[in-house]
Amino acid sequence: MSERSGSTRAEAPSPVDLASDAEDDARPALGWAAGSILVASVFLLLTNAQALNGWAAEQEPSETMVRVTGATEGWLAATERTRSAAPRAWLHGVWKRAQAARFAGPAPAEGD
Amino acid sequence: MLFPTLTFGLFFLVTFCVVWVASRSNEWRKILLLLASWVFYGAWDWRFVALLILSAVLNWGAARLISDSADAVMRKRVMIAGVVGNLAILGFFKYYGFFLEQVGDVLAAAGFARDLPLVQIILPVGVSFFTFQGMSYLIDVYKRRVPAASLLDITFLMSFFPHLVAGPIVRAADLVPQLQTTPRLNRGMVASALLLIVWGLFKKAVIASELATQFVDPVFADIAGHSGIDLMLAAYGYAVQIYCDFSAYSDMAIGIAALFGYRFPRNFDQPYRAASLQEFWRRWHISLSSWLRDYLYIDALGGNRGGVWYICRNLMITMLLGGLWHGAKWTFLIWGGLHGGVLAIERLWREFRPAGWPVLPRWMGVLITFHIVVLGWIFFRAPSFGDAIAYLHGIGANGLGGFTATPLQLALILFGLAIHAAPPRLLPGIALRIRAWPAPVLGVATGVAILLIDAMRFEGVAPFIYYQF
């Protein structure tokens, strides 16, 4: 801990400040950000309907949520039919196999 | 409402659209973000939104009085009263139960066992963070480092949802000047923000959650049932877990704030590559360590004025209080004491090192510092002092058999450590490249990254470790 008196700001700069670029400053960024977020959201809606369905199932039950869950289940079934959910399912299977892998050798003894 | 959940994702999308589309002026924009922040905080417990507002009003009012008064004595009295008010909020919610417990133990030991009033106090999430922000604001106004701000700006500073519950501790001097004009995004900022959010999501949802639920928690819960190697690996695992958990929150907080146009300071800088504990504290939880240094070590204790023993005393007090900041537990105090003690030893070594003695190579300094930090984490993580001692004893005494870590867990621990060997400018370098991409390409890349993380994540989301502080 070294002394630095009279300080008012945390001295660590923000990690979102990149090297200045006049061209970058001139380009509109809000539309670009909104477009990127929109495309990412639509991509996830198409490929990860399971997450949406899981989220709906976890909410407190109500009439509205019953309708929402019905819609998310229908959407999940649709993405499974069109196979757009297949990459996520395949990746999840690979990850599960990695989780299940064990080093060779005897299992640990109880209380060892 | 946890960051890596769909509930938060939907909340963010709605807030992002409303704030950027519906804000007619900068003031309206701040009001909308404030309302969103209260919804975010109220998702835990609506009652504590009132505490948050009360705390902001207290600090705003005290700062106004300090700023408007020309009487030095009055200014000092108001500042002290304001700091005491903040500490009273923190003390009541965080330390009251612990204090009663200790009083009960002392009375029982002295033969005066009494039934003390047991009050179950719910800890408001993030109380340590927003009270520290309030205190630093008051002290800065008192020392004339920053001007007094409007009620809206101070309430915004203390309530803004990205950093509200687990930091970084953002000071008035960092955020309030940004609130004076409508913020403007640039592509570099957006690219960095998306990268930080995705990287934080990966560290939390994949590395920290997998290690916590599948390896570290079971080992700490059954110390006697695990071998010395398992205990050693779980200690390394916890070092990786807590780094990936806390730095993930900070990364996501910085990224989310940036998408609304605000810049938060860096909070982590590859801490396990530090070659001394002093360097470690320049890289770990930077907003807290710089807060403790500026307001406690220097302002309250006098900093480096006085002799070397005086400096050592100040280091020890600062780190003990830093430990206590994390919670009312003896293990946190021991963790702080260990850090304070080693910082003092480093200082004494620098002062009294015999001339001509060789200097440790940097890699050895990194190795020694890392293991001191890991030793501290064992106390930090253990439920009690007895458990921590049993853990340390078990590393040597439990034998080498029964290795339960899986290849995946080992790989995640190694990866979590290897992150610290990456070039420091790696993420900004990637952000510089992706800011030139068209929006659809960046959108698909972001979607693919989130899909990958979601496929790998552990089912369910464990709360962030620092939510409890």
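Residues numbered from 1 in each chain as written. Chains lettered and ligands numbered in written order. Predicted model: local features only at pLDDT ≥ 70, side-chain atom pairs only at ≥ 80, totals over all residues. Heavy atoms only, no water.

Asks: I keep staring at the overall build of chain A and nothing clicks. Help me out?
Replies: Summing up its helical and strand segments, chain A has 5 helices and 0 strands in all. N-terminal to C-terminal, the α/β element order of chain A is α-α-α-α-α. The buried share among the 112 residues of chain A stands at 30%. Of the roughly 6,900 Å² of accessible surface on chain A, 61% is carried by carbon and sulfur atoms. (Helix = DSSP H or I, 4+ residues; strand = E, 2+ residues; numbered from the N terminus. Buried < 20%, exposed > 50% of the residue type's maximum accessible area, 1.4 Å probe, protein only. Areas by Shrake-Rupley, 256 points an atom, 1.4 Å probe, with all protein chains shown as cover.)

Asks: Please clarify how the overall build of chain B should be interpreted in this entry.
Replies: Along its length, chain B carries 19 helices and 0 strands. Here the C-alpha atoms of chain B give a radius of gyration of 23 Å, agreeing with the 23 Å that 2.2 N^0.38 yields for 469 residues. Each of the three principal axes of chain B carries a C-alpha extent, and together these read 65 × 60 × 60 Å. Scored against the burial criterion, the 469 residues of chain B give a buried share of 58%. For chain B, the proportion of contacts with a sequence separation of at least 24, taken over those separated by at least 6, is 78%. Entry remark: accessible area of chain B is about 18,600 Å², with carbon and sulfur atoms responsible for 69%. For chain B, the distance from the average position of its 36 positive side-chain charges to the average position of its 25 negative side-chain charges is 11 Å. (Rg over C-alpha atoms; globule rule 2.2 N^0.38 Å. Contact = heavy atoms within 4.5 Å. Lys, Arg positive; Asp, Glu negative; His and termini not counted. Charge placed at Lys NZ, Arg CZ, Asp CG, Glu CD.)

Asks: Help me understand the packing of helix H10 (residues 228-259) of chain B against helix H17 (residues 407-418) of chain B in this model?
Replies: Between two packed helices, what matters for the description is the angle formed by their axes and the separation of those axes. All names here are of chain B. Relative orientation of the contacting elements H10 and H17 amounts to 50 degrees, with a least axis distance of 9 Å. With respect to their mutual orientation, H10 and H17 come out oblique. Here H10 and H17 pass one another in a crossing that is left-handed. Only Leu-410, Leu-412, Ile-413, Gly-416 and Leu-417 of H17 make contact with H10, whose side of the interface consists of Leu-233, Tyr-236, Gly-237 and Val-240. Of the residues in the contact of H10 with H17, the class split is 7 nonpolar, 2 polar and no charged. (Axes fitted to C-alpha atoms, helices over the stretch in contact; angles between N-to-C directions. Parallel < 35°, antiparallel > 145°, perpendicular 65-115°, else oblique. Left-handed = near helix turned anticlockwise from the far one by under 90°. Nonpolar A, V, L, I, M, F, W, Y, C, P; charged D, E, K, R; others polar.)

Asks: Explain the packing of helix H5 (residues 127-142) of chain B against helix H12 (residues 286-300) of chain B to me, please; I cannot follow it from the model alone.
Replies: Residues and elements named next belong to chain B. The interhelical angle for the contact between H5 and H12, taken along N-to-C directions, is 45 degrees, at an axis separation of 12 Å. Here H12 runs oblique to H5, going by the angle between their axes. Considering how the two elements wind past one another, H5 and H12 form a crossing that is left-handed. The segment H5 lies against H12, with Phe-132, Met-135, Ser-136, Ile-139 and Asp-140 engaging Leu-288, Trp-291, Leu-292, Tyr-295 and Asp-299. Its residues assigned to classes, the contact of H5 with H12 shows 7 nonpolar, 1 polar and 2 charged.

Asks: I'm lost on the confidence of the model for chain B in this one. Help?
Replies: The predicted coordinates of low-pLDDT regions are not to be read in fine detail. When pLDDT is averaged across chain B, the result is 90; 97% of the residues are at 70 or more. Interface confidence for the predicted complex, given as ipTM, is 0.85, next to a pTM of 0.90. (pLDDT = per-residue confidence, 0-100.)

Asks: Where do I start with the interface of chain B and chain A in this structure?
Replies: It is common to give the size of an interface as the accessible area that goes away when the parts come together. In this complex, chain B contributes 88 residues to the contact, which on the side of chain A involves 56 residues. Between chain B and chain A lies a buried interface of about 6,200 Å² when both sides are counted; carbon and sulfur atoms form 64% of it. Summed over the three residues of chain B that lose the most area to chain A, namely Arg-187, Arg-293 and Leu-451 of chain B, the buried surface amounts to 11% of that side. In this structure, the salt-bridge partner of Arg-263 of chain B is Asp-17 of chain A, at a minimum N-O distance of 2.5 Å. Inspection of the region where chain B meets chain A yields 10 residue pairs in polar contact (both at pLDDT 80 or more). Counting residues per element, the side of chain B that touches chain A draws most heavily on helix H19 (residues 439-456) of chain B, which supplies 14 residues. (Buried area = accessible area lost by both parts, 1.4 Å probe. Salt bridge = Lys/Arg side-chain N within 4 Å of Asp/Glu carboxyl O. Polar contact = N/O pair within 3.5 Å; in protein donor to acceptor, adjacent residues only side chain to side chain.)

Asks: In this structure, what is going on with helix H1 (residues 6-22) of chain B? I would like to understand it.
Replies: Because each turn of an α-helix spans 3.6 residues, side chains separated by three or four positions in sequence point in the same direction. Residues and elements named next belong to chain B. For H1, which comprises 17 residues, the first-to-last C-alpha distance of 23 Å matches the rise-based estimate of 24 Å (1.5 Å per residue) to within 8%. Among all positions in H1, only Phe-8, Phe-11, Phe-12, Thr-15, Phe-16, Val-19 and Trp-20 are buried. Projected down its long axis, H1 shows its buried positions confined to an angular sector of 135 degrees, all on one face. Away from its buried face by more than 90 degrees, H1 exposes Val-14 and Val-21. (Expected span 1.5 Å × (residues − 1). Arc of directions from axis to C-beta.)

Asks: Is there a simple way to explain the environment of Gly-429 of chain B in this structure?
Replies: Residue and element names in this part refer to chain B. By the secondary structure assignment, Gly-429 is in helix H18 (residues 426-434). Residue Gly-429 is classed as partly exposed on the basis of its relative accessible area, which comes to 27%. When the C-alpha positions of Gly-429 and Ser-192 are compared, they lie 9.5 Å apart, and in sequence the two are 237 residues distant.

Asks: Looking at this model, I keep getting lost on H18 of chain B. Mind explaining?
Replies: By the burial criterion, the buried members of H18 of chain B are Pro-428, Ala-431 and Ile-434 of chain B. What you see down the axis of H18 of chain B is that its buried residues fit within an arc of 125 degrees, all on one side. Packing partners of the buried residues in H18 of chain B comprise helix H2 (30-47) of chain A together with helix H9 (187-221) and H19 of chain B.

Asks: Even after reading the chapter, I still don't get the packing of aromatic side chains, so can you show me in this structure?
Replies: In this description, an aromatic ring pair is defined by two values, namely the gap between the centres and the angle between the planes. Residue and element names in this part refer to chain B. Under the criterion given, the structure shown has 52 aromatic pairs over all chains. Summarising the aromatic geometry, the rings of Phe-48 and Phe-93 are spaced 5.8 Å apart at their centres and angled 90 degrees between planes, so their arrangement reads as edge-to-face. Of this pair, Phe-48 sits in helix H3 (residues 47-68) while Phe-93 sits in helix H4 (residues 72-109), and the two are 45 residues apart along the sequence. For the residue pair Phe-48 and Phe-93, the accessibility class agrees, reading buried in each case. Centre to centre, the rings of Phe-246 and Trp-284 are 6.5 Å apart; their planes meet at 65 degrees, and the pair counts as edge-to-face. Remark: Trp-284 occurs in the loop between helix H11 (277-283) and H12 and Phe-246 occurs in helix H10; sequence separation between them is 38 residues. By the burial criterion, Phe-246 is buried, and Trp-284 matches it. The ring of Trp-20 carries Arg-29 above its face, with NZ or CZ at 4.4 Å from the centroid. (Phe/Tyr/Trp six-rings, centres within 6.5 Å; stacked < 30°, edge-to-face > 60°. Lys NZ or Arg CZ within 6 Å of the ring centre and 35° of its normal.)

Asks: Can you walk me through the nonpolar core in this structure?
Replies: It is characteristic of soluble globular proteins that their nonpolar side chains tend to be buried jointly. Phe-260, Tyr-272, Trp-284, Trp-377 and Tyr-466 of chain B are the most contacted members of the largest nonpolar core, which has 160 residues in total. With near-sequence residues (within four places) excluded, Tyr-272 of chain B lies in contact with Ala-239, Ile-242, Tyr-243, Phe-280, Trp-284, Val-366, Phe-370, Val-373, Trp-377, Leu-417 and His-420 of chain B. (Core = buried A, V, L, I, M, F, W, Y, C linked by side-chain atoms within 4.5 Å.)

Asks: Before we go on, may I ask you to explain a nonpolar patch on the surface in this structure?
Replies: All names here are of chain A. Among the surface-exposed residues, Leu-38, Val-42, Leu-45, Leu-46 and Trp-75 lie close enough to one another that they form a single nonpolar patch of about 440 Å² accessible area. Looking at which element gives the most residues to the nonpolar patch, the answer is H2, with 4 residues. Position of Leu-45 relative to the elements: it lies in helix H2. (Patch = residues over 30% accessible without salt bridge, like charges linked within 9 Å, V, L, I, M, F, W, Y side chains within 5 Å.)

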